[in-house]
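Chain by chain, the residues run as shown.
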Amino acid sequence: MSPHTTPVLMLIASNVFMTFAWYGHLKFKTSPLWLAVMASWGIAFIEYWFAVPANRIGSAVYSAAELKTIQEVITLVVFAGFSVLYLKEPLGWNHLIGFCLIAGGAAFIFQGR
């Protein structure tokens, strides 16, 4: 696989795990907080097995700022899908505009490449 593509795919996988680690417990608000923290920590452990190699591999072709920007944009896309599909919380026009502004800002990171 391409050194440009591999880190992006790994960051997508990483973000799916991290989104569940951070927000998945919101469907189980009656569970004890300590259990939510431990479950989230376990999920985050798996997430690190994608994020760390993605950044190591990606550093061959992307700067650290570019990798972080890619990760943030992926996070927004993954979270938007997670919010709607898993949490059943709709996203409004204000969310869409805010996400687009963030994505627009991210585009500036790649200017001059």
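Since this is a predicted model, take the numbers as computed values, not measurements.

Draft legend 1. Spotlight on the overall build of the chain. Of the regular secondary structure elements, the chain holds 4 helices and 0 strands. Secondary structure elements of the chain, listed N to C terminal, follow the sequence α-α-α-α. For the C-alpha atoms alone, the extent of the chain along its principal axes is close to 50 × 35 × 20 Å. A total of 113 residues make up the chain; the buried ones form 28% of that total. A separation threshold of at least 6 residues defines the contact pool for the chain, and within that pool the share at least 24 residues apart is 78%.

Draft legend 2. Representation of the UniProt feature "transmembrane region" (unreviewed entry) in the chain within the structure. Within the UniProt annotation, "transmembrane region" (unreviewed entry) is assigned to residues 7-25, 31-50 and 93-110. In the segment residues 7-25, helix accounts for 89% and strand for 0%; the C-alpha atoms at its two ends are 27 Å apart. Annotation note: span residues 93-110, helix share 94%, strand share 0%, distance between end C-alpha atoms 26 Å.

Draft legend 3. Region of the structure containing the pattern of salt bridges. Applying the stated rule across the entire model yields 1 salt bridge. In this structure, the salt-bridge partner of lysine 68 is glutamate 72, at a minimum N-O distance of 2.8 Å. One end of the pair, lysine 68, and the other, glutamate 72, are both in helix α3 (residues 64-85), 4 residues apart, so they sit about a helical turn from each other. Residue glutamate 72 is classed as partly exposed on the basis of its relative accessible area, which comes to 33%.

Draft legend 4. The packing of helix α1 (residues 6-23) against helix α2 (residues 33-58), seen in detail. Contact geometry of α1 with α2 gives a least axis separation of 8 Å together with a crossing angle of 160°. For the element pair α1 / α2, the angle class is roughly antiparallel. Handedness of the crossing formed by α1 with α2: left-handed. Among the residues making up the contact of α1 with α2, the classes are represented as 18 nonpolar, 5 polar and 1 charged.

Rules and cut-offs
Residues numbered from 1 in each chain as written. Predicted model: local features only at pLDDT ≥ 70, side-chain atom pairs only at ≥ 80, totals over all residues. Heavy atoms only, no water. Helix = DSSP H or I, 4+ residues; strand = E, 2+ residues; numbered from the N terminus. Buried < 20%, exposed > 50% of the residue type's maximum accessible area, 1.4 Å probe, protein only. Contact = heavy atoms within 4.5 Å. UniProt positions renumbered as here; feature names shortened; annotations may be inferred. Salt bridge = Lys/Arg side-chain N within 4 Å of Asp/Glu carboxyl O. Axes fitted to C-alpha atoms, helices over the stretch in contact; angles between N-to-C directions. Parallel < 35°, antiparallel > 145°, perpendicular 65-115°, else oblique. Left-handed = near helix turned anticlockwise from the far one by under 90°. Nonpolar A, V, L, I, M, F, W, Y, C, P; charged D, E, K, R; others polar.

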